[in-house]
Amino acid sequence: MMTKGSRAVILLASLALGLVYVLPLWRINLEAPQYPEGLGMVIRVDNIEGVKKHDLNNINNLNHYIGMKRIEPDSIPELRLMPVILAVLIGLGVLTAALGRRKVLYGWVAVFLAVSLVGLADFWKWEYDYGHDLDEETAIIKIPGMSYQPPLIGSRQILNFKAHSWPGAGGWIAIAAAMSGMAVAFGELRRGRREAAPLAGDGPSAGAPPTGTPPALLLLAATAGLAAVTACGEPQPRDLAYGEERCEYCHMGLADDRHGAELLTETGKAFGFDSVECLAAHLASLGEPSRVHSVWVTDFSNPGALILAEEAFFLASPTLRSPMGLGLSAFARREDRDGAVVSFGGQALDWAGVQALVAREWSETEGAAPHAGMEHGDGD
């Protein structure tokens, strides 16, 4: 049988889940220069609504330009199922505390964790479909190779928006309840093993402390496992191997650590490029939209350091040579780019401007091949 303390913790954890009915389960915020106050939506156990009165409608209007479907809470079946599933979890938790049986406790914790993991997986799939299933016929803005999937948890740059996705107050309460249930289950499991151990004097191992993994370590491992599940799907860029790897687009060696770029897929695979122009040309050459997570460029002022292309400040200057000849350089700070304009001349650009310049300068028939031998191996 469970101890009174364990039963009290399970009862409190179960009743605390009732707060999820009134508190936000998840929250997604969007930041952009044209929306200084930001946009956001709150996911509740039975509804999706804007953080501010018109936020959800504004998000739907923005999504229309890139062919994304409208977010219609009434059309999402999970919002009808989650209140029922939550009620079952609460009821089973109260029953577990009332019965006080360890096997019932283990079953409740297992169901709780299974429901949580299935819910996270379903949420990720909804985000994936939301960001990839685009209506290209009605889309006003079309960017080959671009996906618009929000992060499961954490932050991600999407065009000129930065999306942040985190549990709401109700989500954190659910996480705390799950952690409490696991802690009690591990404690009761250890207590049960101790009770089943031989009594003193019954054998050579009598009087020895019970073996097994301490519950604190088990709880730490379980917490780390859940954190890994929720944090997965946010790949990070790797360092480019200058002098070793070859450009994915032109197949020349990466030689100048002031220039370089990287494309990161949603599965975490990284493709290196020797220049900004090769990255832009590669994105333009993609026929069907692929699973691009993010694109990165090297900071000219900090050789080897990668920055998001959408956040970088670019300079097209004939004075500053780049490996493929278009004179494109990227900077992490506007003041560094503007200083380079004063020193070397040229045109200040954003990422969209870079893509337009490459498309204009490199026709589909020419590509990068005519430029491939012009700069590589020449030195500085």
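Residue positions within a chain follow its written sequence, with the count starting from 1. Per-residue local features of the predicted model are confined to residues with pLDDT of at least 70, and side-chain atom pairs are confined, for both listing and counting, to 80 or more; whole-chain, interface and lining totals are unaffected and use all residues. Hydrogens and water molecules were not included; the side-chain quantities draw on all heavy atoms of the structure.

Q: Give me the lowdown on the sheet that holds strand β12 (residues 347–349), citing residues and values where you can.
A: The pairing criterion for strands is at least two bridges between them, as found by DSSP. Strands here mean DSSP runs of E at least two residues long; helices mean DSSP runs of H or I at least four residues long; both are numbered from the N terminus. Strand order in the open sheet formed by three strands is β11-β10-β12, with antiparallel pairing between adjacent strands. Each having just a single partner strand, β11 (328–331) and β12 make up the two edges of the open sheet. Strand-to-strand twist of the sheet, defined as the mean angle between neighbouring strand axes without regard to direction, takes the value 25°. By the convention used here, residues are in contact when the closest approach between their heavy atoms is within 4.5 Å. The axes are straight lines fitted to the C-alpha atoms, using for helices just the contacting stretch, and the angles between their N-to-C directions are given from 0 to 180°. The strands touched by helix α8 (residues 334–344) are β10 (313–316), β11 and β12; relative to β10, the strand with the most contacts, the crossing angle is about 15°.

Q: Could you give an account of the sheet that holds strand β9 (residues 306–308), with specific residues and numbers?
A: Backbone hydrogen bonds are what pair the strands of a sheet, in a parallel or an antiparallel way. Strand order across the open sheet formed by four strands is β7-β6-β8-β9, with antiparallel pairing between neighbours. In the strand order of this sheet, the two ends are held by β7 (270–273) and β9, each with one partner. On average, each strand axis in the sheet is tilted by 30° relative to the strand beside it, whichever way the strands run. Bridge analysis of strand β6 (residues 261–265) against β7 gives four bridges, and the strand direction is antiparallel. Counterpart to glutamate 262 in the pairing with β7 is glycine 272.

Q: Lay out the packing of helix α1 (residues 4–16) against helix α5 (residues 169–196) in plain terms, naming residues and giving numbers.
A: Remark: α1 packs on α5, axes separated minimally by 9 Å, with the N-to-C direction vectors making an angle of 160°. With respect to α5, the element α1 is oriented roughly antiparallel. Here the hand of the crossing between α1 and α5 comes out left-handed. Here α1 contributes Ser6, Val9, Ile10, Ala13 and Ala16 to the contact with α5, which in turn contributes Ile173, Ala177, Ser180, Gly181, Val184, Glu188 and Arg191. Put simply, Ala, Val, Leu, Ile, Met, Phe, Trp, Tyr, Cys and Pro go in the nonpolar bin, Asp, Glu, Lys and Arg in the charged bin, and everything else, Gly too, in the polar bin. Of the residues contributing to the contact of α1 with α5, the split by class is seven nonpolar, three polar and two charged. We call two directions roughly parallel when the angle between them is under 35 degrees, roughly antiparallel when it is over 145, roughly perpendicular when it lies between 65 and 115, and oblique otherwise. The hand of a helix crossing depends on one turn: near helix anticlockwise from the far one by less than a right angle means left-handed, and clockwise means right-handed.

Q: Give me the state of the cysteines: which residues, what numbers.
A: Cysteine sulfurs are considered disulfide-paired once they come within 2.5 Å of each other. Following the criterion strictly, the structure yields zero disulfides and no others. Here cysteine 250 stays unpaired: no disulfide links it, and the sulfur of cysteine 247, its closest cysteine neighbor, is 3.7 Å away. Categorising residues by exposure relies on relative accessible area from a 1.4 Å probe, with only protein chains included: less than 20% of the type maximum marks a residue as buried, more than 50% marks it as exposed, and the intermediate range marks it as partly exposed. For cysteine 250, a relative accessible area of 12% gives the class buried. No disulfide involves cysteine 278; its nearest neighbouring cysteine sulfur is the one of cysteine 247, lying 3.8 Å away.

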